[in-house]
Amino acid sequence: MLTLASKLKRDEGVKTGRPPGGPSDSSHRVSIRDRLLIKDEGYYQSGTFHFEIDIPEAYNMVPPKVKCQTRIWHPNIAETGEICLSLLREHSIDGTGWAPTRTLKDVVWGLNSLFTDLLNFDDPLNIDAAEHHLRDKEDFRNKVQDYIKHYAR
C-alpha cells in the first residue's frame, strides 16, 4: 500500500540519491504536516484569516454556520464573510454536502482547502473577484496581497 509517508520518503530518496529507508540526517527530518504546509504556495499564503463557527442545536444533523471574520478578496468567500463550501451545505446536488458523519475537523480541512486546491473561479460566490482573476491574474494577486496587508496580518 502506498501511503503519503512512504511517497514522501521515496521522493526524498530520489532527490538526495539515498535509498528509501536508508540512514538520514535527523536535522533534515520534516514532518509530513510541515511538508504539506510548505507546499501552500497560493495567493493567500502570507495571511492570517479568522473564522467564526456557530454550532447549531441540531448539530450534527445540520452543518455548523461558518463566517470569515477577516476581510478577503476571494472568489469563494464574500467580502461580508459568507463562504461557498459544499460541505457546509445541508443539501448539495453533487452529494458532497453535509452529512452526520462529518466533523468539525472536516470543516477546518475544507476551509484550509479553499486557500489551495478547492479555490474555485468557475463557480464563485464573489463574482467580482472571479472575473478580476479572469481579466488580470497579476492584478488579482496584487489586490489579494493588498487585502492581506490591510486586513489579514
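Rules and cut-offs
Residues numbered from 1 in each chain as written. Predicted model: local features only at pLDDT ≥ 70, side-chain atom pairs only at ≥ 80, totals over all residues. Heavy atoms only, no water. UniProt positions renumbered as here; feature names shortened; annotations may be inferred. Helix = DSSP H or I, 4+ residues; strand = E, 2+ residues; numbered from the N terminus. Contact = heavy atoms within 4.5 Å. Core = buried A, V, L, I, M, F, W, Y, C linked by side-chain atoms within 4.5 Å. Buried < 20%, exposed > 50% of the residue type's maximum accessible area, 1.4 Å probe, protein only. Phe/Tyr/Trp six-rings, centres within 6.5 Å; stacked < 30°, edge-to-face > 60°. Lys NZ or Arg CZ within 6 Å of the ring centre and 35° of its normal.

- Per an unreviewed UniProt entry, the protein is named E2 NEDD8-conjugating enzyme, and its organism is Salvelinus namaycush.
- As recorded by UniProt, the Pathway (unreviewed entry) comment attached to the protein reads in full: "Protein modification; protein neddylation."
- What UniProt records for the protein under Sequence similarities (unreviewed entry) is the sentence "Belongs to the ubiquitin-conjugating enzyme family."

1. Regarding the UniProt feature "active site" (unreviewed entry) in the protein
Next, step 1: Those places that UniProt annotates as "active site" (unreviewed entry) correspond, in this numbering, to Cys84.
Next, step 2: Looking at the element boundaries, Cys84 is found in the loop between β2 (65-68) and α3 (104-113).
Next, step 3: Among all residues touching Cys84, those that are not within four sequence positions of it are Asn76, Arg89, Leu114, Asp123 and Leu125.

2. Describing the nonpolar core
Next, step 1: In terms of nonpolar packing, the biggest core is built from 24 residues, with Tyr44 and Ile83 touching the most fellow members.
Next, step 2: Listed by contribution, the elements that provide at least two residues to this core are β2, α3 and α5 (137-151).
Next, step 3: Counting residues per element, this core draws most heavily on α5, which supplies four residues.
Next, step 4: Apart from residues lying up to four places away in sequence, Tyr44 is in contact with Phe49, Ile72, Trp73, His74, Pro75, Phe115, Leu119, Phe140, Val144 and Ile148.

3. A few points about the packing of aromatic side chains
Next, step 1: Per the counting criterion, the structure on display carries ten aromatic pairs.
Next, step 2: Note on Tyr43 and Phe140: the rings are 5.1 Å apart at their centroids and 80 degrees apart in plane angle, and the pair reads as edge-to-face. With Tyr43 in the loop between α2 (32-38) and β1 (51-54) and Phe140 in helix α5, this pair connects stretches of sequence that are 97 residues apart. For the pair Tyr43 and Phe140, a shared accessibility class is recorded, and that class is buried.
Next, step 3: When the centroid spacing of 5.9 Å and the interplanar angle of 45 degrees are considered together, the rings of Tyr59 and Trp98 count as tilted. Taken together, the positions of Tyr59 in the loop between β1 and β2 and Trp98 in the loop between β2 and α3 put the pair 39 residues apart, joining distant regions of the chain.
Next, step 4: One residue, Lys143, lies across the ring of Trp73, its end atom 3.8 Å from the ring centre.

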